[in-house]
Amino acid sequence: MRHGDRIDNFDLLWVPNTERPWDPILIEVGKARARATGAHLSGLDFPIHRVFVSPFIRCRRTAAEALLAFSSAKVAIEYGLYEMPNNQVIKPSVIPKDGNWFPEKSELESIFPEGTIDHSVIPIYEEIKVDFLVKI
């Protein structure tokens, strides 16, 4: 499932006026669509036990909203789940200058209800590095 509608696609003043322009939040419609998708998925004939999610706020919020329809699904944050690292998708002007893409993992996890995070999952990537970005 892809993330919901993000604010930088609707509010042109958001990017220049935020501390984390590389990590846009969801708009309310994006949250509502995520909840509706979760409700739909929970009604299907196969159980969802675990969700792997990107550390970006738009992705974590999408998962958190969708998971409202599930009582026992667990979440694992995977730093390798994000757009292809290139200067067309993540503009060089918004890359964090200090290389600090995300807050501490405990803060990333705080968006999910208590007991939802599966700490037994070993992530493939532990972080995103600025030098990982490639130019097209």
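As shown above, the structure is provided for reference.
None of the values given here were measured: they were computed from a predicted structure. Every chain's residues receive numbers from 1 upward, in the order its sequence appears when written. Totals for whole chains, interfaces and linings use all residues, but because this is a predicted model, local features are given only for residues with pLDDT of at least 70 and pairs of side-chain atoms are given and counted only at 80 or more. As a rule here, side-chain values come from all non-hydrogen atoms in the structure, and water together with hydrogens is ignored.

## Considering the packing of aromatic side chains
(1) Moving on: Within 6.5 Å between ring centres, the rings of Phe, Tyr and Trp (the latter by its six-membered ring) count as paired, and their orientation is classed by plane angle as stacked under 30 degrees, edge-to-face over 60, tilted in between. The final tally for this structure, using the stated rule, is 4 aromatic pairs.
(2) Moving on: Judged by centre distance (6.4 Å) and plane angle (75 degrees), the ring pair of W22 and W101 falls under edge-to-face. With W22 in the segment before helix 1 (28-42) and W101 in the loop between strand 2 (74-77) and helix 3 (105-109), this residue pair connects regions lying 79 residues apart in the sequence.
(3) Moving on: One aromatic cluster is present, formed by W22, F56, Y79, W101 and F102 through successive ring pairs.
(4) Moving on: Remark: a charge is flagged as sitting over a ring if the NZ atom of Lys or the CZ atom of Arg is within 6 Å of the ring centre and within 35 degrees of the ring normal. The positively charged end of R58 is found above the aromatic ring belonging to F56, 4.5 Å away from the centroid. Secondary structure follows DSSP: runs of H or I at least 4 residues long count as helices, runs of E at least 2 residues long count as strands, and numbering of each begins at the N terminus.

## So, the pattern of salt bridges
(1) Moving on: What makes a salt bridge here is a side-chain nitrogen of Lys or Arg within 4 Å of a carboxyl oxygen of Asp or Glu, nothing more. What the rule picks out here adds up to 7 salt bridges.
(2) Moving on: In this structure, R20 engages D23 in a salt bridge whose closest nitrogen and oxygen atoms are separated by 3.3 Å.
(3) Moving on: Only protein chains enter the accessibility calculation, which uses a 1.4 Å probe; a residue is then buried when its area is under 20% of its type maximum, exposed when over 50%, and partly exposed in between. On the accessibility criterion, R20 (26% relative accessible area) is partly exposed.
(4) Moving on: Look at D23 and you get buried, because its relative accessible area is 5%.
(5) Moving on: Across the pair D118 and R50 runs a salt bridge whose closest N-O atoms are separated by 2.4 Å. Here R50 lies in strand 1 (residues 50-53) and D118 lies in the segment after helix 3, a separation of 68 residues in the sequence.
(6) Moving on: Since its relative accessible area comes to 13%, D118 is described here as buried.
(7) Moving on: Residue class for R50 comes out partly exposed when judged on its relative accessible area of 39%.

## Comments concerning helix 2 (residues 57-66)
(1) Moving on: Most of helix 2 is tucked away: 9 of the 10 residues are buried.
(2) Moving on: Considering only its buried residues, helix 2 is in contact with helix 1, strand 1, strand 2 and helix 3. Should any heavy atoms of two residues lie within 4.5 Å, those residues are counted as being in contact.

## Quick word on the packing of helix 1 against helix 2
(1) Moving on: A fitted line through C-alpha atoms represents every axis, and for helices the fit uses only the stretch in contact; the resulting angles, taken between N-to-C directions, go from 0 to 180 degrees. Axis separation between helix 1 and helix 2 bottoms out at 7 Å; the angle between their running directions is 45 degrees. Taken together, helix 1 and helix 2 sit at an angle that is classed as oblique. The handedness of the crossing between helix 1 and helix 2 is right-handed. Facing K31, A34, R35 and G38 of helix 1, the residues of helix 2 in contact are R61, T62, E65 and A66. Roughly parallel covers angles under 35 degrees, roughly antiparallel covers those over 145, roughly perpendicular covers 65 to 115, and oblique covers all other angles. Handedness of a crossing follows from how the near helix is turned relative to the far one, being left-handed for an anticlockwise turn of less than a right angle and right-handed for a clockwise one.

## Quick notes on the pairing of strand 2
(1) Moving on: In this sheet, strand 2 lies alongside strand 1 in parallel orientation, the contact comprising 4 bridges. Paired with V51 across the bridge in strand 2 is V75.
(2) Moving on: Looking down the strands as they point away from the viewer, one classifies a crossover as right-handed if the path from the first strand across the helix to the second runs clockwise. Where the polypeptide runs from strand 1 across helix 2 and back to strand 2, its parallel neighbour, the crossover connection is right-handed. Two strands qualify as a pair provided DSSP detects at least 2 bridges between them.

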